[in-house]
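# Coordinate analysis (summary)
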Amino acid sequence: MPKFLLDTEQRAFADSLGALLKTADTPSVVRDWSRGEPTSGRALWRRIAEAGVCALAVPEAYGGLGRRPVELAVAFVELGRYAVPGPLVETVTAAALLSDAATESRPEGRPPQPHALLPALLDGTSLATLAPENSLALDGDTADIRLTLTPDGLRLSPGHGPVRPSLDPARRRTPLSPGGELLATRPNAALARLTTAAQALGVGEALLDRTVAYVRERTQFGVPIGSFQALKHRLADAGLALEFARPLLFGAALTMSDADIAAAKVNACEAAYTTARTALQCHGAIGYTAEYDLSLWLAKARALRTAWGDPDTCRAELLVARESGATT
């Protein structure tokens, strides 16, 4: 049975991206973003793009590094681990869809709009958002490029509506304006679900690390609360859930089959959500406070659980795939 272990280059990439994010004071960036002040978040995204993250979704013919879903999963685990805000999943997925759209045949005289939008995404100058028709898009007020998935294909939305409330204040959702130029007729947004799963796994791992550190230091009745058997069991269950989700994630990145990605999404997001509940139980009331950094990861774990396919949707797709014999 394959173990889906990262190779030396992939581990080095994860370490370098983690080192970049560790010095970025991401909690402050998240709080700025939540207030509608995206300057620090956009600056951080430019640094992330310069590290090649967006280029991993784009073929070399269009200025990217080639399609590398495994490396993208590696990157998004780190982005989740540091709770980086913004439409990162949507920007990377938009870059992939636009490069696909650029290869579609176009009527004579029609401008190559998809190709023209790619350079600014690759160098981090622009952010993109993406959403199915009649649903809310992430950070439509901040994104420079707004794309809608409609029954007839991928459209360039002409605008956005007001920001709506979200479980995660840093996930500022807006409706996108209907209409706009049709860019592609056969878009496949599977990459959004895969990178959301990776982001959730990183969030879960960060929550577990922070909680383990906390229960070792917090004392009650003269002993660390981490010595209490009930907390040990909860933390062990959370750790096991995350460990089981990891090979599913990287297995899905290798196959890029819809069924495998749905399985990875369910398991990574449920593992992160379980870990969030455990973290909150271990921290107590302090975990609820907005001033305490843990709350930033707790909110993200809840929101990612339903982003790009809630658990029921993904499980239903898995059931259909199993009945049709499409699972690997």
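Everything that follows concerns the structure shown earlier in this document.
What this report covers is the structure whose coordinates are included nearby. The written sequence of each chain sets the order in which its residues are numbered from 1. Per-residue local features of the predicted model are confined to residues with pLDDT of at least 70, and side-chain atom pairs are confined, for both listing and counting, to 80 or more; whole-chain, interface and lining totals are unaffected and use all residues. The side-chain figures draw on all heavy atoms in the structure; neither hydrogens nor water molecules are used.

## Describing the pairing of strand S3 (residues 145-150)
Successive side chains on a regular strand alternate, one facing one side of the sheet and the next facing the other. In this scheme, a residue with accessible area under 20% of its type's maximum is buried, one over 50% is exposed, and one in between is partly exposed, where area comes from a 1.4 Å probe on protein chains only. What counts as a helix is a DSSP run of H or I of at least four residues, what counts as a strand is a run of E of at least two, and both are numbered from the N terminus. Of all six residues in S3, six are buried; the element is thus mostly enclosed. Relative to S3, strand S1 (residues 128-132) is paired through five bridges, and the arrangement is parallel. The residue of S3 that forms the bridge with Ala-131 is Thr-148. In this sheet, strand S4 (residues 153-156) lies alongside S3 in antiparallel orientation, the contact comprising four bridges. Looking at the pairing, Thr-148 lines up with Arg-155 of S4. We call two strands paired when DSSP finds no fewer than two bridges between them. Connecting the antiparallel pair S3 and S4 is a turn made up of two residues.

## As for the packing of aromatic side chains
Only Phe, Tyr and Trp rings take part, Trp by its six-membered ring, and two of them pair if their centres are within 6.5 Å. Stacked means planes under 30 degrees apart, edge-to-face means over 60, and tilted covers everything else. The tally for this structure, following the rule as stated, stands at zero aromatic pairs. The rule is short: NZ of Lys or CZ of Arg within 6 Å of the ring centre and within 35 degrees of the ring normal puts a charge over the ring. Positioned above the aromatic ring of Trp-297, the side-chain terminus of Arg-210 is 4.1 Å from the ring centre.

## Some remarks on empty space enclosed by the protein
The definitions used throughout rest on a 1 Å grid laid over the protein atoms alone, on which a cavity is an enclosed set of points accommodating a 1.4 Å probe that cannot get out and a pocket is an open set flanked by protein within 12 Å on both sides along at least five of seven lines; lining residues are those having an atom within 4 Å of a point. Grid points are joined across faces, edges and corners, and a volume is the space filled by probe spheres set on the points. Inspection of every chain in the model, using the stated rule, returns two cavities of 30 Å³ or more. Elements with a contribution of two residues or more to the lining of the largest cavity: helix H5 (88-103) and helix H7 (190-217). The biggest single contributor to the lining of the largest cavity is H5, with three residues. Partitioned by chemical class, the residues of the lining of the largest cavity number five nonpolar, three polar and two charged. The classification used treats Ala, Val, Leu, Ile, Met, Phe, Trp, Tyr, Cys and Pro as nonpolar, Asp, Glu, Lys and Arg as charged, and all other residues, Gly among them, as polar.

## A look at the layout of surface pockets
Within this model, the largest pocket holds a volume of roughly 450 Å³. Residue lining of the largest pocket: 21 residues in total, with Tyr-288, Ser-295, Leu-296, Leu-298 and Ala-299 positioned closest to the centre. When residues of the lining of the largest pocket are traced back to their parent elements, those giving at least two are helix H2 (26-34), helix H9 (258-283) and helix H10 (294-306). The leading source of residues in the lining of the largest pocket is H10, at five residues. Its residues placed into classes, the lining of the largest pocket shows 12 nonpolar, four polar and five charged. For the second largest pocket, the calculated volume is near 330 Å³. Among the elements of the structure, S1, strand S2 (136-138) and H10 are those that each provide at least two residues to the lining of the second largest pocket. Looking at side-chain class alone, the lining of the second largest pocket contains 10 nonpolar, three polar and three charged residues.

## Topic: unusual backbone geometry
Backbone geometry at Asp-25 places phi at a positive 50°, although glycine is not the residue there. Its place among the elements puts Asp-25 in the loop between helix H1 (8-22) and H2. A positive phi angle is found at Asn-134, which is not glycine, with a value near 70°. By the element assignment, Asn-134 lies in the loop between S1 and S2.

## Some details on the nonpolar core
For this analysis, a nonpolar core means a set of buried residues of the types Ala, Val, Leu, Ile, Met, Phe, Trp, Tyr and Cys, connected via side-chain atoms within 4.5 Å. In this structure, Leu-21, Trp-45, Ile-48, Val-53, Phe-76, Leu-147 and Leu-249 are the most contacted members of the largest nonpolar core, which totals 80 residues. Broken down by element, the residue count for this core peaks at 10 residues, all from H7. Contacts between residues were defined by any pair of non-hydrogen atoms, one from each residue, lying within 4.5 Å. Setting aside its immediate chain neighbours within four residues, Trp-45 contacts Val-53, Cys-54, Leu-88, Thr-91, Val-92, Gly-124, Ser-126 and Leu-127. With 17 residues, the next largest nonpolar core counts Val-30, Ala-200, Leu-207 and Ala-301 among its residues.

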